[in-house]
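Listed here are the chains, written in short residue letters.
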Amino acid sequence: METTQLPKPHLVVIPSPITSHIIPTVDICCLLAAHGAPVTIITTPASAELVQSRVHRAGQGSSAGITVTAIPFPGAEAGLPDGCERLDHVPSVALLQKFFHATELFGEAAAQHCRRLMAPRRPTCVVAGMCNTWAHAMARELGAPCFIFYGHGAFSSLCFDYLYTHRPQEAVASLDEPFDVPVLPSFDECKFTRRQLPVFFQQSTNIKDGVLRGIREFDMAVDGIVVNSFEELERDSAARLAAATGKAVLAVGPVSLCGADSRAGTGSSDEARRCVAWLDAKKASSVLYVCFGSNGRMPPAQLMQLGLALVACPWPVLWVIKGADTLPDHVNEWLQHSTDDADGQCLVVRGWAPQVPILEHPAVGGFLTHCGWGSTLESVAAGVPMATWPFFAEQFMNEKLIVDVLGIGVSVGVTKPTENLLNGVKDGAEPEVGTEQVKRALNKLMDGGAQGEDRRSKARELKAKAKAALENGGSSYMNLEKLIQFAA
């Protein structure tokens, strides 16, 4: 009896136009391709090189089933400067509305492309980043399910859902009055202030209400949620989020482990080689790594307070500073005279550094981080405990998970967000955190006695669980299979 072979599912994936979201989204595509599912990634010309480099990094087995399609981004048509195709490229808050208008126009072009994809390459599932609010209508037209990919984890998503549903932030009298967000019954206290919430929950914002409303409506309309996490990490946050939203919630990470075997050389850049050579000369677990993500910028006065603490550390420090070319002359002069000394105790990298290989290096014993979700997961996957310095977005929620729920971190004690593009940058901000406060947190992280050893032990346990999650039969492996089944 002759059997009819069904066509393979074909997933169309459209990353949010943000560097820190593009990277994990493409890594998920590589994992899907490794599971045998053809994937088309739709992106813009300015992001195509980044996408292709991530696909290539994953190796032959994970990239063979991936097609990268670059569709022109109508930035000029929307009134944006040349090459402004990602949110982190937008030079001014005044241009945000134009940028979101351009993403809508881009969506129309992407939908036209998908209509031209005929069977058996017709899209059978759409996975879109949260900024691509037009993707749901496109998926419905194609008769395909639509999943949203969050750049954050299940715990913060569960907090978001509680804030949208119960609105406890509206009952407090001031920006700094704490209120409860009781999303995990096993976790005694989960308090935030209104000031610490993402821009979606601020009463006054520089982004028009229509944009935020569109993102929320997209969030509610999709068939399911994909998160870069693993079920063993965030307790039962994914299950609780599924129960609260009535949607499938699939934790498929940590995707930083995608293609790990191909990273032995850490890349061919001079900066990568310099970092690894410096680390090779250090003792095991002796180095403090400091990095605040691709968008982390401290006011100069705050950076000086941090710097004074770092150069006084008894441990070697590898400090990555983004935006160093915009720092005042006196700060750059201080950096030049106070770091990269003859003993090699504080190595400063001005710009990019290979974060995953750094965290995985046996010399690294602690990570001072902004609590961005990508950095948090990369640290967990490497088994490195953290000192937490949240900047904005959902990072105060990530700090709560790292320090209080998982017990693998120490809070520096930041209580207010750092100004950024989405809430308006202010020059000349005074430092909130002083040198001595930073030193105390770092001492707890890198030494900490019995409590420090407990944090390190928990971090090692989570590293093992992260690896197991992506192995055949693991929770993330099975969730990738479920996503493919949705697309079948």
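Residues numbered from 1 in each chain as written. Predicted model: local features only at pLDDT ≥ 70, side-chain atom pairs only at ≥ 80, totals over all residues. Heavy atoms only, no water.

For the protein, an unreviewed UniProt entry supplies the name Glycosyltransferase and the organism Sorghum bicolor. The protein has a UniProt comment under Sequence similarities (unreviewed entry) that states "Belongs to the UDP-glycosyltransferase family." (UniProt positions renumbered as here; feature names shortened; annotations may be inferred.)

**Student:** Help me understand the side chain of Thr 376, please; the structure alone is not making it clear to me.
**Tutor:** Relative to the elements of secondary structure, Thr 376 occurs in helix α14 (residues 373-382). On the basis of relative accessible area, Thr 376 is assigned to the buried category, the value being 2%. For Thr 376, the contacting residues outside a window of four places in its chain are Cys 371, Met 386 and Ile 402. (Helix = DSSP H or I, 4+ residues; strand = E, 2+ residues; numbered from the N terminus. Buried < 20%, exposed > 50% of the residue type's maximum accessible area, 1.4 Å probe, protein only. Contact = heavy atoms within 4.5 Å.)

**Student:** Would you explain the domain arrangement of the protein in this entry?
**Tutor:** Size of an interface: often given as the accessible area lost when the parts come together. Per the domain assignment, the segments of the protein are domain 1 (11-155 + 206-258 + 469-487) and domain 2 (267-466). Its C-alpha centre places domain 1 at a distance of 28 Å from the equivalent point of domain 2. Carbon and sulfur atoms make up 69% of the surface buried where domain 1 meets domain 2, a total of about 2000 Å² over both sides. A per-residue breakdown of the area domain 1 buries against domain 2 is headed by Phe 155, Leu 233 and Ser 256, which together make up 27% of the total. Applying the counting rule to domain 1 against domain 2 returns zero salt bridges. (Domains from an automatic or database assignment. Buried area = accessible area lost by both parts, 1.4 Å probe. Salt bridge = Lys/Arg side-chain N within 4 Å of Asp/Glu carboxyl O.)

**Student:** Before we go on, may I ask you to explain unusual backbone geometry in this structure?
**Tutor:** Here Gly 253 and Pro 254 are connected by a cis peptide whose omega angle stands at 5°. Mapping Pro 254 onto the fold places it in the loop between β9 (248-251) and α10 (270-280). Although it is not a glycine, Arg 167 adopts a positive phi angle of roughly 50°. Note that Arg 167 resides in the loop between α7 (154-166) and β6 (179-180).

**Student:** Where do I start with helix α15 (residues 395-405) in this structure?
**Tutor:** Residues that lie three or four places apart on an α-helix share one face, since the helix turns once every 3.6 residues. Within α15, ten of the eleven residues are buried, leaving the element largely enclosed by the surrounding structure. Of the positions making up α15, those classed as buried are Gln 395, Phe 396, Met 397, Asn 398, Glu 399, Lys 400, Leu 401, Ile 402, Val 403 and Val 405. Buried residues in α15 make contact with α7, β7 (191-192), α14, β14 (386-388) and β15 (409-411). A positive backbone phi angle near 70° is found at Gly 407, which sits one or two residues after α15.

**Student:** Looking at this structure, I do not really get helix α9 (residues 237-245). What am I missing?
**Tutor:** Listed as buried for α9 are Ser 237, Ala 238 and Leu 241. Burial along α9 is one-sided: seen end-on, the buried residues are contained in an arc of 95°. The exposed set on the far side of α9, more than 90 degrees from its buried face, consists of Ala 239 and Ala 243. Next to the buried residues of α9 lie α7, β8 (224-227) and β9. (Arc of directions from axis to C-beta.)

**Student:** How do you make sense of the sheet that holds strand β4 (residues 125-129) when you look at a structure like this?
**Tutor:** Strand pairing in a sheet relies on backbone hydrogen bonds. The paired strands run either parallel or antiparallel. With parallel pairing, the seven strands of this open sheet are ordered in space as β3-β2-β1-β4-β5-β8-β9. Each edge of the open sheet carries a strand with a single partner, namely β3 (66-70) and β9. On average, each strand axis in the sheet is tilted by 20° relative to the strand beside it, whichever way the strands run. Sheet topology note: the strand β5 (residues 146-149)/β8 ladder contains three bridges and is parallel. Paired with Phe 147 across the bridge in β8 is Gly 224. Each of β1 (11-14), β2 (39-43), β3, β5 and β8 touches helix α1 (residues 19-34); the most contacted strand, β2, lies at about 165° to it. (Pairing = 2+ DSSP bridges. Axes fitted to C-alpha atoms, helices over the stretch in contact; angles between N-to-C directions.)

**Student:** In this structure, what is going on with the packing of α7 against α15? I would like to understand it.
**Tutor:** A pair of packed helices is characterised by two quantities: the angle between their axes and the separation of those axes. Contact pair α7 / α15: the axes reach a minimum separation of 9 Å and the direction vectors enclose 125°. One finds that α7 runs oblique with respect to α15. The crossing of α7 and α15 is right-handed. Judged by residue contacts, Phe 155, Ser 156, Cys 159, Phe 160 and Leu 163 of α7 engage Met 397, Asn 398, Lys 400 and Leu 401 from α15. A class-by-class count of the residues in the contact of α7 with α15 yields six nonpolar, two polar and one charged. (Parallel < 35°, antiparallel > 145°, perpendicular 65-115°, else oblique. Left-handed = near helix turned anticlockwise from the far one by under 90°. Nonpolar A, V, L, I, M, F, W, Y, C, P; charged D, E, K, R; others polar.)

**Student:** What is the right way to look at the sheet that holds strand β11 (residues 317-321) in this model?
**Tutor:** Spatially, the six strands line up as an open sheet ordered β12-β11-β10-β13-β14-β15, and their pairing is parallel. At either margin of the open sheet sits one strand with a lone partner, and together these are β12 (346-350) and β15. Pairs of neighbouring strands in the sheet enclose a mean axial angle of 20°, with direction left out of account. Pairing geometry for strand β10 (residues 287-291) and strand β13 (residues 364-369), over five bridges, is parallel. By the bridge assignment for β13, Tyr 289 is matched with Phe 367. Each of β14 and β15 is contacted by α15, which is oriented at about 120° to β15, the strand it contacts most. The strands touched by helix α16 (residues 435-446) are β10, β13, β14 and β15; relative to β13, the strand with the most contacts, the crossing angle is about 145°.

**Student:** Looking at this structure, I do not really get the packing of aromatic side chains. What am I missing?
**Tutor:** Each aromatic ring pair is characterised by the separation of its centres together with the angle its planes make. Evaluation of the coordinates by the stated rule reveals twelve aromatic pairs. Centroid distance Phe 160 to Phe 201: 5.7 Å. Interplanar angle 55°. Geometry classified as tilted. Placement of the pair is Phe 160 in helix α7 and Phe 201 in the loop between β7 and α8 (209-221), with a sequence separation of 41 residues. When sorted by exposure, Phe 160 lands in the same class as Phe 201, which is buried. Pairing Phe 200 with Phe 201 gives two aromatic rings, centres 6.5 Å apart and planes at 85°, and the pair type is edge-to-face. On the basis of relative accessibility, which here comes to 25%, the residue Phe 200 falls in the partly exposed class. (Phe/Tyr/Trp six-rings, centres within 6.5 Å; stacked < 30°, edge-to-face > 60°.)

**Student:** I'm lost on the nonpolar core in this one. Help?
**Tutor:** Looking at soluble globular proteins, one finds that nonpolar side chains tend to be buried together. Within the largest apolar cluster, 96 residues are counted, with the highest numbers of intra-cluster contacts made by Ile 14, Tyr 289 and Leu 318. Top element by residues in this core is helix α5 (residues 96-115). It accounts for eight residues. Each of two domains, domain 1 (11-155 + 206-258 + 469-487) and domain 2 (267-466), supplies a minimum of three residues to this core. Counting residues in hydrophobic clusters, the runner-up holds 36 residues, among them Leu 310, Leu 327, Trp 389 and Val 414. (Core = buried A, V, L, I, M, F, W, Y, C linked by side-chain atoms within 4.5 Å.)

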